[in-house]
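Coordinate analysis (summary)
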Amino acid sequence: ECGPAGVQQAGAVLARVEILTRRGRLKEAAATAANLSTQLSSDETRGSRAEYLAGRAYHLMSKESMALECHTRARLSARNPQDLSNALWGAYLAAVEIGLPEAPDYLGELEALALPDLGFRLRVATGRMASAASAGSLRGISAVFEPLLPIVGHVNEPMVVTSFLTRAAEIEVLRAQYATAHDFASKALDLAEKLHLAFAEPLCLIPLIAAEIGQRRFASARDKLFLLSSHSLSNEDPYLQLSIQIL
């Protein structure tokens with residue numbers, strides 16, 4: 001893919017990790033990024049990103065403790081606001097999944113960075129939706145994500161966009177707004193398929209199936225559930241396996 005430079009230059013290795021992640025080769029992505037991080041000096045600017053990418057791959061495999069360790073190191077080695085933002089975001093996601101009480105602290109520190117790009121705004125909103133769902137209270141949640149819907153098409157970060165739309169779909173399922181949930185999840189899935197984000201496709205399917213069940217579109221939901229099952233078997237992801245049992 002990258003030739004000899006792919007294993008010799010840090011930038012090329014990081015690019016390879018991104019490609020592996022997009023293709024759903026998460027074990028390989030995590031191992032490659034983690035190996036790179038051990039080879040970089042403590043003052044190397046790419047060290048934080050290597051740890052973040054390793055943590056992201058572990059998170060996508062539902063290995064949250066390992067993900068949090070990587071993101072903690074990424075946070076300590078961050079040399080610029082973007083790297084710190086990535087590290088805090090990753091730490092927050094892992095902490096939420098584990099159920100750690102400090103999860104809101106990571107999100108609060110992330111929000112305090114107040115980065116100017118649109119992707120940052122979507123990421124923060126995604127985090128706040130996750131917190132609301134985790135806490136079991138959706139009061140005021142519309143004001144968190146609905147004002148951002150018009151800018152989604154202007155954000156050139158497909159992973160951030162699919163995550164935002166998927167989380168919004170999950171919120172709408174919880175509010176029994178199944179038609180809106182279906183729309184959000186369908187858009188997320190279409191984007192994931194168009195850009196070959198293999199890891200994101202099953203995550204988009206989960207709220208899409210839930211929305212179709214809510215709409216009593218059982219035949220279509222069943223077909224998608226079989227597709228989700230095939231993703232689960234190939235990824236060996238406990239989160240996907242649990243989601244299938246729930247659905």
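Everything here concerns the structure above.
All values derive from a computational prediction rather than experimental measurement. (Residues numbered from 1 in each chain as written. Predicted model: local features only at pLDDT ≥ 70, side-chain atom pairs only at ≥ 80, totals over all residues. Heavy atoms only, no water.)

**Considerations on the nonpolar core**
What counts, and what does not: In plain words, nonpolar cores are sets of buried Ala, Val, Leu, Ile, Met, Phe, Trp, Tyr and Cys residues tied together by side-chain atoms within 4.5 Å. A simple rule labels every residue: compare its accessible area, found with a 1.4 Å probe on the protein chains alone, to the largest value its type can have, and call it buried under 20%, exposed over 50%, or partly exposed in between. Working rule for contacts: check all heavy atoms of both residues, and any pair within 4.5 Å makes them a contact.
Membership of the largest hydrophobic core comes to 75 residues, with the highest contact counts inside it found for Y92, L122, M129, F145 and F164. Ignoring anything within four residues of it in the chain, the contact list for Y92 reads A103, Y106, L107, G127, A130 and S131.

**Some remarks on unusual backbone geometry**
Excluding glycine, residues mostly carry a negative phi; peptide bonds, for their part, are mostly trans. Stated precisely, the cut-off is as follows: Helical segments are the DSSP runs of H or I of at least four residues, strand segments are the runs of E of at least two, and each set is numbered from the N terminus.
In this model, A114 sits at a positive phi of 50 degrees, which is unusual for a non-glycine residue. Mapping A114 onto the fold places it in the loop between helix 6 (103–113) and helix 7 (118–135). For A114, a relative accessible area of 55% puts it in the exposed group. In this model, H196 sits at a positive phi of 60 degrees, which is unusual for a non-glycine residue. Looking at the element boundaries, H196 is found in the loop between helix 10 (178–194) and helix 11 (201–214).

**Description of the packing of helix 3 (residues 47–60) against helix 4 (residues 64–77)**
Packed helices, taken two at a time, are described by the angle between their axes plus the distance between the axes. Stated formally: Angles run from 0 to 180 degrees between N-to-C directions of axes, and those axes are lines fitted to C-alpha atoms, restricted for helices to the stretch in contact. Note on terminology: angles under 35 degrees are roughly parallel, angles over 145 are roughly antiparallel, angles of 65 to 115 are roughly perpendicular, and the others are oblique. Throughout, a crossing is termed right-handed when the near helix is turned clockwise from the far one, and left-handed when it is turned anticlockwise from it by less than a right angle. When residue character is reported, Ala, Val, Leu, Ile, Met, Phe, Trp, Tyr, Cys and Pro are called nonpolar, Asp, Glu, Lys and Arg charged, and the others, Gly included, polar.
Put simply, helix 3 and helix 4 touch, their axes get as near as 8 Å, and they point 165 degrees apart. Classed by the angle they form, the pair helix 3 and helix 4 counts as roughly antiparallel. With respect to the hand of their crossing, helix 3 and helix 4 are arranged in left-handed fashion. Residues G47, S48, E51, Y52, A54, G55, R56, Y58 and H59 of helix 3 form the contact with helix 4, whose participating residues are E64, M66, A67, C70, H71, R73, A74 and S77. Across the contact of helix 3 with helix 4, the residue classes tally to 7 nonpolar, 6 polar and 4 charged.

**Quick look at helix 4**
Definition in use: A helix is expected to span 1.5 Å for every residue after the first.
Between the first and last C-alpha of helix 4 there are 20 Å, a value that for 14 residues agrees with the 20 Å anticipated at 1.5 Å per step. Taken as a whole, helix 4 has its buried residues at E64, A67, L68, C70, H71, A74 and S77. In this structure, the buried side of helix 4 is in contact with helix 3, helix 5 (81–98) and helix 6.

**A word on the packing of helix 9 (residues 158–174) against helix 11**
It is the contact of helix 9 with helix 11, at a shortest axis distance of 9 Å, that shows an interaxial angle of 25 degrees. One finds that helix 9 runs roughly parallel with respect to helix 11. Handedness of the crossing formed by helix 9 with helix 11: left-handed. Counted together, T166, A169, E170 and V173 of helix 9 and L203, C204, P207, A210 and A211 of helix 11 form the full contact between these two elements. Per-class residue counts for the contact of helix 9 with helix 11 are 7 nonpolar, 1 polar and 1 charged.

**A closer look at the environment of T162**
Stated precisely, the cut-off is as follows: Nitrogen and oxygen atoms within 3.5 Å of one another constitute a polar contact, given that in protein one can donate a hydrogen and the other can accept it, and given that sequence-neighbouring residues count only through two side-chain atoms.
Mapped onto the secondary structure, T162 falls in helix 9. In the structure, T162 is positioned 25 residues away from K187 in sequence and 8.1 Å away in space, judged by C-alpha atoms. Residues contacting T162, with those up to four places away along its chain left out, are A188, L191, A192, L197 and A200. A distance of 3.1 Å separates the side chain of T162 from the backbone oxygen of M159, its partner in a polar contact.

**Some points on the pattern of salt bridges**
To be explicit about the condition: Between Lys or Arg on one side and Asp or Glu on the other, a salt bridge is scored when a side-chain nitrogen of the former is within 4 Å of a carboxyl oxygen of the latter.
Per the stated rule, a full pass over the model turns up 12 salt bridges. Between D183 and K187 there is a salt bridge, with its nearest N and O atoms 3.4 Å apart. Of this pair, D183 and K187 are both found in helix 10, 4 residues apart, which corresponds to roughly one turn of the helix. Here K187 falls in the partly exposed class, since its relative accessible area comes to 46%. The salt bridge partner of R217 is E212, with a shortest N-O separation of 3.6 Å. For E212, a relative accessible area of 1% puts it in the buried group. Through salt bridges that share partners, R16, R25 and E28 make up one connected network.

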